[in-house]
Amino acid sequence: MTSYDRFQKVPPRQKLAIGVLVAALIVGAYYALFYSSLLEEKAQLEEQLTTLTEQKREYENQKQEYLQIRSEIGRLLDRQKENQRILPKKDEIASLLDDIHAQADLSGLSVQNFEPKPEMPQQYHVKIPVGMSVTGTFHGLSKFFRNVGQLKRIVNVEDVAIGTPKVDAKQVVVTGAFTAVAFRALDKAPAAAPGAPR
């Protein structure tokens, strides 16, 4: 008698129980061998996803900070360029003095004296005084002062003295003497006072 024949003699309820038991063993083996490892892998992948999502969020925050810092650096560089244009370095002073002289010519003034004086270092900048005396109309003199005030660089006009008006070729001519003071940046930052906080 073969195993098949013996199985044929088993009552149907027992056959059903054996079938359920075999199916349960197959499902259990599948779960133990394949599905549980898939669940572990899924849990690991979800953990990696969470970690990567957090890292991405952190990198996005860092990127925003970087862009803000980069924008701030660009703004500061633009401001530095503007400040250097307003308060030039030493090598740009000659062109500034030429601009002052040109403004006198454009205002219709005759420059009688144009005498650069010694530089006067201050705490954060250097004053560059230029003694000037000009001859022309009062309107030309006021136009010169206005034009110098509108230069892109800082120039002050100090110690203004206007001479007695004279009539010359149907025009009232005045003589003006003043000091045009240009500025430049210090070559070095000022040294901190001893004991001063840094």
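It should be noted that the structure appears before, not after, this text.
Residues numbered from 1 in each chain as written. Predicted model: local features only at pLDDT ≥ 70, side-chain atom pairs only at ≥ 80, totals over all residues. Heavy atoms only, no water.

**As for the nonpolar core**
Rule in force here: Joining through side-chain atoms within 4.5 Å is the link that ties buried Ala, Val, Leu, Ile, Met, Phe, Trp, Tyr and Cys residues into a set, and such a set is a nonpolar core. Using a 1.4 Å probe on the protein chains alone, a residue whose accessible area is under 20% of its type maximum counts as buried, one over 50% counts as exposed, and one in between counts as partly exposed. Secondary structure is summarised from DSSP: a helix means a run of H or I of at least four residues, a strand means a run of E of at least two, and numbering begins at the N terminus for each. Contact between two residues is taken to exist if any of their heavy atoms lie within 4.5 Å; hydrogens are not considered.
Ranked by internal contacts, the top residues of the largest apolar core, which has 18 residues, are I100, M132, F144 and V155. For this core, the elements supplying multiple residues, two or more each, are α3 (93–106), β3 (125–136), α4 (138–149) and β6 (171–185). Leave out the neighbours within four places in its chain, and M132 touches I100, A104, V111, N113, F114, F144, G176, A177, F178 and A180.

**What about the environment of E72?**
Within the secondary structure layout, E72 lies in helix α2 (residues 12–86). E72 sits in the partly exposed class, given a relative accessible area of 34%.

**Here we look at the side chain of S107**
The line we're drawing: Here a polar contact is taken to be a pair of N or O atoms separated by no more than 3.5 Å, where protein atoms must pair a possible hydrogen donor with a possible acceptor and residues adjacent in sequence count only if both atoms sit in side chains.
In this fold, S107 is placed in the loop between α3 and β1 (110–116). Side-chain polar atoms of S107 contact the side chain of N147, separated by 3.5 Å. Not counting chain neighbours up to four residues away, the residues in contact with S107 comprise G140, K143, F144 and N147.

**What to know about the pattern of salt bridges**
For the record, the criterion: Only one rule defines a salt bridge in this text: a Lys or Arg side-chain nitrogen within 4 Å of an Asp or Glu carboxyl oxygen.
With the rule as written, the count across this model stands at 3 salt bridges. Put simply, E46 and K42 hold a salt bridge, and the shortest N to O gap is 3.8 Å. Taken together, the residues span about one helical turn, with E46 and K42 both in helix α2 at a distance of 4 residues. Accessibility expressed as a relative area gives 46% for K42, which makes it partly exposed.

**Digging into the packing of aromatic side chains**
Let me state the cut-off plainly: Two rings from Phe, Tyr or Trp (for Trp, the six-membered ring) form a pair when their centres sit within 6.5 Å of each other. Planes less than 30 degrees apart are called stacked, planes more than 60 degrees apart edge-to-face, and all others tilted.
A complete count under the given rule lists 3 aromatic pairs for this structure. When the ring of F144 is compared with that of F178, the centres are 5.5 Å apart and the planes differ by 35°; the resulting orientation is tilted. Of this pair, F144 sits in helix α4 while F178 sits in strand β6, and the two are 34 residues apart along the sequence. Assessed through its relative accessible area of 4%, F178 is described here as buried. What links up through ring pairs into an aromatic cluster is the set F144, F145 and F178.

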